[in-house]
Amino acid sequence: MKAIDTFPTASKKEFSYRRGRILPFGATLLEDGAVNFSIFSKEATGCTLVLYHHGSSKPYVEIPIPEKFRIGNVYAILVYGINIDTFEYGFRFDGPYDPQKGLLFDKNNVLLDPYAKSVSGRSVWGKKPDLNKSFQYRGQIIREDYHWDGDKPLEIDAKNLIIYELHVRSFTRHESSGVRHPGTFSGLVEKIPYLKELGINCVELMPVFEFDEFEHYREIDGRKLYNYWGYSTVDFFAPKAGYAASAPFGMEADELKNLVKMLHKNGIEVVLDVVFNHTAEGNENGPVISYKGIDNKTYYLLTPDGYYYNFSGCGNTMNCNNPVVRNVVLDALRYWVSGYHIDGFRFDLASILSRNQDGTPMIDPPLLDTIAHDSVLGKCILIAEAWDADGLYQVGSFPSWGRWAEWNGRYRDCLRKFIKGAGECAPELFWRIRGSQDMYGDRGAAASVNFVTCHDGFTLNDLVTYNEKHNDENGEGGRDGCNDNDSWNCGTEGETSDKEIISLRHRQMKNMLTILLTSRGIPMILSGDEFGNTQFGNNNAYCQDNEISWLDWSYIEKNEDIFEYTKRLIAFRRKHPVLRANEFDFGLNATGYPELSFHGTKAWSIDEGSSTLSFAYMFVEDGVKYKTSKDNFIYIAVNAYWEEVTFELPIIPEGFKWDMVFEAYGYCNEGRGQLLSDQNSVLLGPRTTMVLVGKK
């Protein structure tokens, strides 16, 4: 027997309807087949639900939501008879049009539901949309009936993570990937064995929320340039349909969920790169997709005369600390954790999330506080890109409440400069290796996400191959992309057949990987760096859907030494918990040695405040404390000098011997170390690193 409040009270065409339920927002399929629609607008004077047959240019029916169905600032309607497999939906809002006051209502616009769980019309990557359609982005209703087989977020201790940043399409789009469905979530599933072999336990996916690759699309000299990276969100609740092989059948949500489930089965967490700082609606000249027409004043930071603040560098800035917008962000994060079992998030230009409604930074930003203490997000890893495009730089000072980690841009810059020969950076590098205790002393080393490269900038190979960016193919006259790359081409610009230069480049890559993977903090590797993938000197490949961005898997064979070195170094880090510890207690442990110490070319002798190009650091792993089978002495020697250097080795307890397990000239065989013939000193070649293990 139906409850009284489920009976329809009115009808239009074959659809009957009644007052809806306020929560949850968006379109929700109920058990009896009815669909509940709920949407917020503070300033609107009226709202109409618009239903389309799938793909049709004109609406099939429009149902004005009666004023009596509105409660507060929320319009809600319950509609019967919708076949969710054949219908799309949107809304019209009526109200004042006064741009100087931030009001942009126009009842001629049909608008995307901000809470839509699927967006139609973008199901095939690279297929040009029909621009004759006035309503480009349409909401679809999905069934939340995916069978998870007991899966849940993995909740790996953050200090144990090894993050691997990748672009879903770039990862498998190249023909060398050998997958059945290149460039898709399914294609990534096929590469899970590779990720396991490499030793990765966390993938960070560049934006997978629905975006439009045809935003700012252009063709130059026959090359198609897209909005490829996706840092321009259309919908915070819907997966990118063009990344799913099954999207033409409406299955993109299930395909992404399957990817998450399969990664979890293999012990790999999933972190999403999320962009809440701005949307695809741009500035005053941008399109009206959703928020602008629903409640522009609420959703965006506006100047007193109605223009958009642009702290994102992309035209607009979300009004993230407005209570309504704050709830949208929180609802989205909760949905991805509960509905997709996502393990964590990396927040793009996260410093914007700390800005007040007038754009000024806040001491205790409500949004960041709320996310840090939310019950559903309680076990998620939260990573901030702690700066924005308007100069607010908060690396080391991002509001954290003990929950937020940060992309450590200072680690990246310092290590790059040192490895190419800036000895004056050594005193800072010692702090970065410690886990940036000077920055995160009250938060722990896991607050620092250490990296040398990421999607934005040179790849690791290009960092040692090019002095200058080569972005001509972006069509911006070389004006785009960073000019301060701290790169060094090792003697010649670009590719070369010179064996000495190739050898030096390989050593430089291994040097940076060695320090990265033996530093306290969470290491992050850019996909393809482990086998020397190149973007041919392009340090801003945001628009390149081609061989510039696609990973060329043949480089695994070409640069086998780098791949094997990286793989074994990751295994080494995972084997030795002393490298991953979160604490900054570096004093004497049960072995009688300090847990971490720095050395010059003479053991125990170093001026940590002076410039140097040659130093060493030693971790001493207390077998009892770290529950290993024995004590271990791990000595990492670093020589960024252009001449060979002899290091005096620390004396270790009787019965222990120094084995070489890694050496950037090519040796890497941890587990079958090469016993040093001279246990008192070691000769380190120019621009190289070496890892020794002292064990019985």
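Our subject is the structure that appears above.
Notes on the structure in this doc start here. Please read these numbers as outputs of a predicted model, since none were measured by experiment.

Conventions used here
Each chain carries its own residue numbering, running from 1 in the direction its sequence is written. A pLDDT threshold of at least 70 governs which residues receive local features in this predicted model, and a stricter bar of 80 or more applies before side-chain atom pairs are shown or counted, although totals over entire chains, interfaces and linings include all residues. As a rule here, side-chain values come from all non-hydrogen atoms in the structure, and water together with hydrogens is ignored. Accessibility here uses a 1.4 Å probe with only protein chains present; expressed as a share of the type maximum, an area under 20% marks a residue as buried, one over 50% as exposed, and anything in between as partly exposed. Numbered from the N terminus, helices here are DSSP runs of H or I no shorter than four residues, and strands are runs of E no shorter than two. Only strands that DSSP links by at least two bridges are regarded as paired with each other. Contacts are assigned to residue pairs that have any heavy atoms within 4.5 Å of one another. In this description, a line fitted to the C-alpha atoms serves as the axis of each element, helices being fitted only across the stretch in contact, and the angle between N-to-C directions of two axes falls anywhere from 0 to 180 degrees. In plain words, nonpolar cores are sets of buried Ala, Val, Leu, Ile, Met, Phe, Trp, Tyr and Cys residues tied together by side-chain atoms within 4.5 Å. Salt bridges are defined as contacts in which a side-chain nitrogen from Lys or Arg sits within 4 Å of a carboxyl oxygen from Asp or Glu. Each Phe, Tyr or Trp ring (for Trp, its six-membered ring) is paired with any other whose centre lies within 6.5 Å, and the angle between the two planes then decides the class: stacked below 30 degrees, edge-to-face above 60, tilted in between. Only when the NZ of Lys or the CZ of Arg is both within 6 Å of the ring centre and within 35 degrees of the ring normal is a charge said to sit over the ring.

1. What about the pairing of strand S15 (residues 202-205)?
Remark: a regular strand shows side chains that alternate across the two faces of the sheet. Side chains Cys202 and Glu204 of S15 all project onto a buried face; the interleaved residues Val203 and Leu205 project onto the opposite face, where all are buried too. The pairing of strand S14 (residues 163-166) with S15 spans 4 bridges and is classified as parallel. Considered in S15, the bridge of Leu166 is made with Leu205. As paired elements, S15 and strand S20 (residues 269-274) share 4 bridges and run parallel to each other. Residue Leu205 lies in a different strand from S20, and its bridge partner there is Leu272.

2. A closer look at the sheet that holds strand S26 (residues 596-599)
Overall, antiparallel pairing links the 6 strands, which are arranged S26-S27-S28-S33-S30-S31 in an open sheet. Every other strand in the sheet has two partners, leaving S26 and strand S31 (674-675) as the edge strands with one partner each. One ladder, built from 7 bridges, connects strand S28 (residues 632-639) with strand S33 (residues 688-695); its direction is antiparallel. Opposite Tyr635, over in S33, you have Leu692 as the bridge partner. In the packing of helix H9 (residues 426-433) onto the sheet, contacts are made with S26 and strand S27 (614-621), and the angle to S27 comes to roughly 20 degrees. This element, helix H12 (residues 499-516), spans S27, S28 and S33 of the sheet and lies at about 45 degrees to S33.

3. A word on the nonpolar core
Core analysis: the largest hydrophobic core is formed by 200 residues, its most contacted members being Phe37, Phe345 and Phe347. Ranked by residues supplied to this core, first place goes to helix H6 (residues 323-340) with 10 residues. Setting aside residues up to four positions removed in sequence, Phe37 forms contacts with Gly26, Ala27, Leu49, Leu51, Tyr75, Ala76, Ile77, Val79, Ile82, Tyr89, Phe91 and Ile141. Membership of the second largest hydrophobic core comes to 19 residues, among which are Ala637, Val645, Phe647 and Met690.

4. Observations concerning the pattern of salt bridges
Evaluation of the coordinates by the stated rule reveals 30 salt bridges. Here Lys128 ties to Glu219 by a salt bridge, and the two come within 3.9 Å at their closest N and O atoms. Here the residue Lys128 occupies a position in the loop between strand S12 (118-120) and strand S13 (138-140), and Glu219 occupies one in strand S17 (residues 218-220), the gap between them amounting to 91 residues. Salt bridges here are not isolated pairs; linked through shared partners, they connect Glu197, Glu564, Lys567 and Arg568.

5. Concerning the sheet that holds S20
The 8 strands are arranged S14-S15-S20-S21-S22-S23-S24-S25 in a closed barrel whose pairing can be described as parallel. Sheet twist, expressed as the mean angle between neighbouring strand axes with direction ignored, is 25 degrees. Along the sheet, helix H4 (residues 252-265) contacts S15 and S20; its crossing angle with S20, the most-contacted strand, is approximately 135 degrees. The sheet strands contacting helix H7 (residues 366-373) are strand S21 (344-347), strand S22 (381-384) and strand S23 (404-407), and the helix crosses S23 at an angle near 115 degrees.

6. Considerations on the packing of aromatic side chains
Each aromatic ring pair is specified by the distance between its two centres and by the angle formed by the two planes. For the coordinates displayed, the defined rule picks out 62 aromatic pairs. Seen in terms of ring centroids, Tyr164 and Phe171 are 6.0 Å apart; in terms of plane orientation they differ by 80 degrees. Their pairing is edge-to-face. For the pair shown, Tyr164 and Phe171 are each scored as buried. Taking the centre distance of 5.3 Å and the plane angle of 80 degrees together, the rings of Phe633 and Phe656 count as edge-to-face. Here the residue Phe633 occupies a position in strand S28, and Phe656 occupies one in the loop between strand S29 (645-648) and strand S30 (657-663), the gap between them amounting to 23 residues. The residues Phe633 and Phe656 share a single accessibility class, namely buried. The residue whose ring lies beneath Lys240 is Phe211, and the NZ or CZ to ring-centre distance is 4.7 Å. When the ring centre of Tyr340 is taken as reference, the NZ or CZ atom of Lys257 above it lies at 4.9 Å.

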